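Below are the chains, spelled out letter by letter.
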Amino acid sequence: MANINLKTREIEVKIVYYGPGRCGKTTNLETIFKMFRKQVTGQMVSANTEGDRTLFFDFLPMGLGKIKGYDVRVQLYTVPGQVKYASTRKMVLKEVDGLVFVADSLEVRREKNMLSLKDLHQNLKEYGLSILKIPLVLQYNKRDLADQGLPLMSINQMERDLNRQLKVPSFPGSAIKGDGVGPTLKACLKLTLQSMKKQMGW
(Lines give C-alpha, C1' and ligand atoms only; values in the text may rest on other atoms or scores of the structure.)
Protein backbone atom coordinates (compact mmCIF):
# COMPACT_ATOMS: atom_id res chain seq x y z
CA MET A 1 0.00 0.00 0.00
CA ALA A 2 1.36 3.42 -0.96
CA ASN A 3 2.71 5.58 1.86
CA ILE A 4 0.75 8.77 2.41
CA ASN A 5 2.36 11.63 4.28
CA LEU A 6 -0.40 14.01 5.39
CA LYS A 7 2.10 16.59 6.63
CA THR A 8 4.06 17.03 3.39
CA ARG A 9 1.04 16.05 1.27
CA GLU A 10 3.04 13.43 -0.56
CA ILE A 11 2.17 9.96 -1.76
CA GLU A 12 5.08 7.57 -2.12
CA VAL A 13 4.75 4.51 -4.34
CA LYS A 14 7.26 1.71 -4.79
CA ILE A 15 7.85 0.09 -8.16
CA VAL A 16 10.13 -2.93 -8.40
CA TYR A 17 11.89 -4.23 -11.51
CA TYR A 18 12.00 -8.01 -11.27
CA GLY A 19 13.47 -10.69 -13.53
CA PRO A 20 16.23 -13.26 -14.00
CA GLY A 21 19.93 -12.46 -13.62
CA ARG A 22 21.42 -10.29 -16.38
CA CYS A 23 18.08 -9.64 -18.10
CA GLY A 24 18.52 -5.84 -18.05
CA LYS A 25 16.82 -4.60 -14.86
CA THR A 26 19.79 -2.45 -13.84
CA THR A 27 20.16 -1.14 -17.41
CA ASN A 28 16.46 -0.14 -17.33
CA LEU A 29 17.02 1.90 -14.18
CA GLU A 30 20.21 3.46 -15.50
CA THR A 31 18.41 4.44 -18.72
CA ILE A 32 15.44 5.92 -16.80
CA PHE A 33 17.92 7.81 -14.62
CA LYS A 34 19.43 9.40 -17.75
CA MET A 35 16.23 9.84 -19.78
CA PHE A 36 14.23 11.47 -16.99
CA ARG A 37 17.11 13.42 -15.45
CA LYS A 38 14.87 16.35 -14.49
CA GLN A 39 12.44 14.14 -12.57
CA VAL A 40 15.08 12.29 -10.61
CA THR A 41 15.70 13.55 -7.09
CA GLY A 42 19.02 12.60 -5.59
CA GLN A 43 21.45 9.93 -6.72
CA MET A 44 21.03 6.35 -7.79
CA VAL A 45 21.85 4.24 -4.77
CA SER A 46 23.36 0.81 -4.99
CA ALA A 47 23.09 -1.30 -1.87
CA ASN A 48 25.83 -3.92 -2.04
CA THR A 49 25.76 -6.92 0.23
CA GLU A 50 28.58 -9.28 -0.60
CA GLY A 51 28.34 -8.88 -4.35
CA ASP A 52 24.55 -8.77 -4.25
CA ARG A 53 23.33 -5.54 -5.73
CA THR A 54 20.02 -3.81 -5.21
CA LEU A 55 19.62 -0.51 -7.02
CA PHE A 56 17.11 2.12 -6.14
CA PHE A 57 16.41 5.82 -6.49
CA ASP A 58 13.67 8.36 -5.99
CA PHE A 59 11.90 9.59 -9.06
CA LEU A 60 9.35 12.36 -9.48
CA PRO A 61 7.47 11.42 -12.62
CA MET A 62 6.43 14.11 -15.04
CA GLY A 63 2.89 14.63 -16.13
CA LEU A 64 1.31 12.92 -13.16
CA GLY A 65 0.60 16.19 -11.45
CA LYS A 66 -1.14 16.13 -8.12
CA ILE A 67 -3.66 13.56 -6.98
CA LYS A 68 -6.23 15.03 -4.61
CA GLY A 69 -3.72 17.77 -3.81
CA TYR A 70 -0.90 15.31 -3.10
CA ASP A 71 2.43 15.13 -4.94
CA VAL A 72 3.39 11.68 -6.13
CA ARG A 73 6.89 10.43 -5.46
CA VAL A 74 7.98 7.15 -6.96
CA GLN A 75 10.75 4.90 -5.73
CA LEU A 76 12.18 2.57 -8.35
CA TYR A 77 13.96 -0.58 -7.21
CA THR A 78 15.67 -3.50 -8.89
CA VAL A 79 16.17 -6.92 -7.38
CA PRO A 80 19.28 -9.07 -7.86
CA GLY A 81 18.28 -11.79 -10.31
CA GLN A 82 20.66 -14.60 -9.41
CA VAL A 83 19.01 -17.59 -7.76
CA LYS A 84 21.21 -17.40 -4.64
CA TYR A 85 19.83 -13.96 -3.69
CA ALA A 86 16.31 -15.20 -3.02
CA SER A 87 16.05 -13.58 0.42
CA THR A 88 17.06 -10.13 -0.90
CA ARG A 89 14.50 -10.38 -3.69
CA LYS A 90 11.78 -11.17 -1.20
CA MET A 91 12.87 -8.31 1.07
CA VAL A 92 12.82 -5.75 -1.78
CA LEU A 93 9.24 -6.80 -2.64
CA LYS A 94 8.02 -5.72 0.79
CA GLU A 95 5.29 -3.05 0.44
CA VAL A 96 5.56 -3.08 -3.37
CA ASP A 97 2.87 -1.11 -5.24
CA GLY A 98 3.70 -1.97 -8.86
CA LEU A 99 5.96 -4.32 -10.80
CA VAL A 100 7.87 -4.47 -14.06
CA PHE A 101 8.95 -7.99 -15.00
CA VAL A 102 11.94 -7.81 -17.34
CA ALA A 103 12.29 -10.93 -19.48
CA ASP A 104 15.38 -11.80 -21.52
CA SER A 105 14.60 -12.35 -25.21
CA LEU A 106 17.56 -14.66 -25.80
CA GLU A 107 16.41 -18.21 -26.60
CA VAL A 108 18.88 -19.68 -24.09
CA ARG A 109 17.21 -17.72 -21.26
CA ARG A 110 13.70 -19.07 -21.84
CA GLU A 111 13.69 -21.33 -18.79
CA LYS A 112 15.28 -18.67 -16.55
CA ASN A 113 12.48 -16.24 -17.46
CA MET A 114 9.81 -18.75 -16.49
CA LEU A 115 11.54 -19.71 -13.25
CA SER A 116 11.94 -16.05 -12.28
CA LEU A 117 8.24 -15.35 -12.92
CA LYS A 118 7.37 -18.37 -10.77
CA ASP A 119 9.69 -17.00 -8.06
CA LEU A 120 7.91 -13.62 -8.21
CA HIS A 121 4.51 -15.33 -7.92
CA GLN A 122 5.71 -17.30 -4.87
CA ASN A 123 7.28 -14.29 -3.12
CA LEU A 124 4.16 -12.18 -3.61
CA LYS A 125 2.02 -15.00 -2.23
CA GLU A 126 4.09 -14.98 0.96
CA TYR A 127 3.15 -11.31 1.43
CA GLY A 128 -0.51 -12.14 0.82
CA LEU A 129 -0.45 -10.60 -2.67
CA SER A 130 -1.71 -12.10 -5.92
CA ILE A 131 0.33 -11.80 -9.13
CA LEU A 132 -3.02 -11.61 -10.94
CA LYS A 133 -4.15 -8.55 -8.98
CA ILE A 134 -1.02 -6.46 -8.48
CA PRO A 135 -0.19 -3.76 -11.11
CA LEU A 136 2.24 -5.58 -13.41
CA VAL A 137 3.81 -4.87 -16.81
CA LEU A 138 6.10 -7.15 -18.82
CA GLN A 139 9.09 -6.01 -20.85
CA TYR A 140 10.66 -8.29 -23.45
CA ASN A 141 14.18 -6.92 -23.33
CA LYS A 142 17.25 -7.24 -25.59
CA ARG A 143 15.31 -7.17 -28.87
CA ASP A 144 18.33 -5.32 -30.37
CA LEU A 145 20.47 -8.48 -30.14
CA ALA A 146 18.78 -9.82 -33.28
CA ASP A 147 20.98 -7.32 -35.19
CA GLN A 148 24.00 -9.22 -33.90
CA GLY A 149 22.60 -12.47 -35.25
CA LEU A 150 21.83 -13.93 -31.82
CA PRO A 151 18.83 -16.30 -31.66
CA LEU A 152 15.90 -14.56 -29.97
CA MET A 153 12.48 -15.88 -29.06
CA SER A 154 9.59 -14.36 -30.97
CA ILE A 155 7.28 -11.97 -29.12
CA ASN A 156 4.48 -14.54 -29.64
CA GLN A 157 6.56 -17.24 -27.96
CA MET A 158 7.29 -14.95 -24.98
CA GLU A 159 3.64 -14.01 -24.70
CA ARG A 160 2.70 -17.71 -24.60
CA ASP A 161 5.40 -18.50 -22.02
CA LEU A 162 4.86 -15.57 -19.68
CA ASN A 163 1.64 -13.71 -20.37
CA ARG A 164 -0.95 -16.32 -21.29
CA GLN A 165 -2.56 -16.29 -17.84
CA LEU A 166 -1.52 -12.84 -16.66
CA LYS A 167 -2.85 -10.90 -19.68
CA VAL A 168 -0.98 -7.73 -18.63
CA PRO A 169 0.48 -4.97 -20.85
CA SER A 170 3.76 -6.04 -22.47
CA PHE A 171 6.39 -4.13 -24.41
CA PRO A 172 9.34 -5.17 -26.58
CA GLY A 173 12.43 -3.27 -25.52
CA SER A 174 16.13 -2.65 -25.61
CA ALA A 175 17.11 -1.14 -22.27
CA ILE A 176 20.63 -0.46 -23.50
CA LYS A 177 19.31 1.61 -26.44
CA GLY A 178 16.42 3.06 -24.45
CA ASP A 179 13.74 1.46 -26.67
CA GLY A 180 10.53 0.61 -24.83
CA VAL A 181 11.90 1.79 -21.46
CA GLY A 182 9.69 4.90 -21.16
CA PRO A 183 6.46 3.17 -22.34
CA THR A 184 7.06 0.26 -19.92
CA LEU A 185 7.53 2.58 -16.96
CA LYS A 186 4.58 4.83 -17.90
CA ALA A 187 2.23 1.83 -18.27
CA CYS A 188 3.31 0.54 -14.86
CA LEU A 189 2.85 3.98 -13.24
CA LYS A 190 -0.60 4.30 -14.77
CA LEU A 191 -1.74 0.89 -13.45
CA THR A 192 -0.16 1.51 -10.04
CA LEU A 193 -1.90 4.87 -9.58
CA GLN A 194 -5.25 3.47 -10.76
CA SER A 195 -4.90 0.67 -8.21
CA MET A 196 -3.93 3.10 -5.47
CA LYS A 197 -6.94 5.36 -6.13
CA LYS A 198 -9.20 2.31 -6.01
CA GLN A 199 -7.73 1.16 -2.69
CA MET A 200 -8.32 4.58 -1.20
CA GLY A 201 -11.79 4.96 -2.66
CA TRP A 202 -10.81 8.09 -4.62
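Once a new chain begins, its residue numbering starts again from 1 and follows that chain's sequence as written. Reporting in this predicted model follows two pLDDT cut-offs: at least 70 for local features of residues, and 80 or more for side-chain atom pairs to be given and counted; totals over whole chains, interfaces and linings ignore these cut-offs and use all residues. Note that the side-chain values use all heavy atoms of the structure and ignore hydrogens as well as water.

Asks: So, the packing of helix α3 (residues 110–126) against helix α4 (residues 155–163): which residues are in play, and what are the values?
Replies: Think of each axis as a best-fit line through the C-alpha atoms, taken over the contacting stretch in the case of a helix, with angles from 0 to 180 degrees between the N-to-C directions. Numbering of helices and strands runs from the N terminus; a helix is a DSSP stretch of H or I covering at least four residues, while a strand is a stretch of E covering at least two. Remark: α3 packs on α4, axes separated minimally by 10 Å, with the N-to-C direction vectors making an angle of 30 degrees. Between α3 and α4, the angle falls in the class roughly parallel. Remark: the crossing between α3 and α4 carries right-handed chirality. Across the interface between the two elements, R110, N113, M114 and L117 of α3 pack against Q157, M158, D161 and L162 of α4. Under the convention adopted here, Pro, Cys and the residues Ala, Val, Leu, Ile, Met, Phe, Trp and Tyr are nonpolar, Asp, Glu, Lys and Arg are charged, and Gly plus all remaining residues are polar. Split by residue class, the contact of α3 with α4 holds 4 nonpolar, 2 polar and 2 charged. Orientation categories follow fixed angle ranges, with anything under 35 degrees roughly parallel, anything over 145 roughly antiparallel, 65 to 115 roughly perpendicular, and all other angles oblique. Put simply, a crossing is left-handed when the front helix is turned counterclockwise from the back one by less than a right angle, and right-handed when it is turned clockwise. Contact between two residues is taken to exist if any of their heavy atoms lie within 4.5 Å; hydrogens are not considered.

Asks: Talk me through the side chain of R89; I want residue IDs and the actual numbers.
Replies: Mapping R89 onto the fold places it in helix α2 (residues 86–92). R89 sits in the buried class, given a relative accessible area of 4%. For R89, the side chain forms a polar contact with the side chain of Y18, separated by 3.4 Å. For each residue, the accessible area found with a 1.4 Å probe, counting protein chains only, is set against the maximum for its type, and the residue is called buried under 20%, exposed over 50%, and partly exposed in between. Whenever two N or O atoms come within 3.5 Å, that pair is a polar contact, provided that in protein one can donate a hydrogen and the other can accept it, and provided that, for residues adjacent in sequence, both atoms are side-chain atoms.

Asks: So, the nonpolar core: which residues are in play, and what are the values?
Replies: The nonpolar side chains of a soluble globular protein tend to be buried, and buried together. In plain words, nonpolar cores are sets of buried Ala, Val, Leu, Ile, Met, Phe, Trp, Tyr and Cys residues tied together by side-chain atoms within 4.5 Å. Among the nonpolar cores identified, the biggest contains 26 residues, and I15, Y17, L76 and M196 are the most heavily contacted of them. Among the elements of the structure, β2 (10–18), α1 (25–35), β6 (70–78), β7 (98–104) and α5 (181–199) are those that each provide at least two residues to this core.

Asks: Could you give me a rundown of the packing of aromatic side chains, with the residues and numbers involved?
Replies: Pairing of aromatic side chains requires ring centres within 6.5 Å, counting the rings of Phe and Tyr and the six-membered ring of Trp. Pairs whose planes differ by under 30 degrees are stacked, by over 60 edge-to-face, and all others tilted. Applying the stated criterion across every chain yields a total of 1 aromatic pair. Counting as a charge over the ring demands two things of the Lys NZ or Arg CZ atom: a distance within 6 Å of the ring centre and an angle within 35 degrees of the ring normal. The residue whose ring lies beneath K14 is Y77, and the NZ or CZ to ring-centre distance is 4.7 Å. Between the NZ or CZ atom of K90 and the centre of the ring of Y127, over which it lies, the distance is 5.9 Å.

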